[in-house]
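Observations on chain architecture
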Amino acid sequence: QVQVVESGGGLVQAGGSLRLSCAASGTIFSIDAVGWYRQAPGKQRELVANINSGGSTNYADSVKGRFTASRANARNTVYLQMNSLKPEDTAVYYCNADLRGSLGFRYRGIWGQGTLVTVSS
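This structure is a prediction, so every number in the text was calculated from the model and none was measured.

Conventions adopted
- Residues numbered from 1 in each chain as written.
- Predicted model: local features only at pLDDT ≥ 70, side-chain atom pairs only at ≥ 80, totals over all residues.
- Heavy atoms only, no water.
- Phe/Tyr/Trp six-rings, centres within 6.5 Å; stacked < 30°, edge-to-face > 60°.
- Helix = DSSP H or I, 4+ residues; strand = E, 2+ residues; numbered from the N terminus.
- Buried < 20%, exposed > 50% of the residue type's maximum accessible area, 1.4 Å probe, protein only.
- Lys NZ or Arg CZ within 6 Å of the ring centre and 35° of its normal.
- Core = buried A, V, L, I, M, F, W, Y, C linked by side-chain atoms within 4.5 Å.
- Contact = heavy atoms within 4.5 Å.
- Disulfide = S-S within 2.5 Å.

**Some remarks on the packing of aromatic side chains**
A complete count under the given rule lists three aromatic pairs for this structure. Seen in terms of ring centroids, Tyr 94 and Trp 111 are 6.3 Å apart; in terms of plane orientation they differ by 85 degrees. Their pairing is edge-to-face. Taken together, the residues Tyr 94 in strand E9 (residues 91-101) and Trp 111 in strand E10 (residues 106-111) connect sequence positions 17 residues apart. When its relative accessible area of 15% is taken as the criterion, Tyr 94 is described as buried. Look at Phe 105 and Tyr 107: their rings are 4.7 Å apart centre to centre, the planes differ by 70 degrees, and that puts the pair in the edge-to-face class. You can call Phe 105 partly exposed: its relative accessible area is 46%. Site record: aromatic cluster; members linked through ring pairs are Tyr 37, Tyr 94 and Trp 111. Positioned above the aromatic ring of Tyr 79, the side-chain terminus of Arg 19 is 4.1 Å from the ring centre. Over the ring of Trp 111 we find Arg 45; its NZ or CZ atom is 4.7 Å from the centre of that ring.

Next up, the structure:
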């Protein structure tokens with residue numbers, strides 16, 4: 001059974017930093033494309049950042065210059081470095097991953113359980 005798990009959330013003061021991790025488990029050879037999403041209370045889930053299998057990234061306008069997605073393929077892990085955090089960044093953050101498994105099988109759109117980020121003023 002394949003699984004994706006986010007970690008690294010917590011409570012931080014405005015202006016602080018956190019690094020989120022998205023780790024795949026099971027018989028997985030690599031993580032391909034990953035989207036980082038967040039959902040705040042009363043708001044729609046939004047795409048924050050994505051990173052493809054080659055490491056190219058895109059970011060929502062609201063986080064450009066502050067958030068950075070990166071890859072650690074050997075560890076089946078991707079990261080989201082979050083700097084200069086603002087109260088409006090408070091949300092549950094999710095990763096959605098395309099995974100490469102055995103026998104050429106690919107898993108697409110696997111969601112993690114989410115990790116809560118709370119930014120206080």
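**Some remarks on the nonpolar core**
Counting residues in hydrophobic clusters, the biggest one holds 30 residues, and the most contacted among them are Val 34, Trp 36, Phe 67, Leu 80, Met 82, Tyr 93 and Leu 99. Of all the secondary-structure elements, those providing two or more residues to this core are strand E3 (18-25), strand E4 (28-39), strand E5 (46-51), strand E7 (67-72), strand E8 (77-82), E9 and strand E11 (115-120). Element by element, the count of residues in this core is highest for E9, at five residues. When residues no more than four places from it in sequence are discounted, the contact partners of Phe 67 are Arg 38, Val 48, Tyr 59, Leu 80, Gln 81, Met 82, Asn 83, Leu 85, Asp 89 and Tyr 93.

**Quick notes on the state of the cysteines**
With the rule as written, the count across this model stands at one disulfide. A sulfur-sulfur distance of 2.1 Å marks the disulfide that ties Cys 22 to Cys 95. Looking along the S-S bond of the Cys 22-Cys 95 disulfide, the torsion reads about 70 degrees, which is the right-handed sense. One end of the pair, Cys 22, is in strand E3; the other, Cys 95, is in strand E9, and 73 residues separate them in sequence. Given the relative accessible area of 0%, Cys 22 is considered buried.

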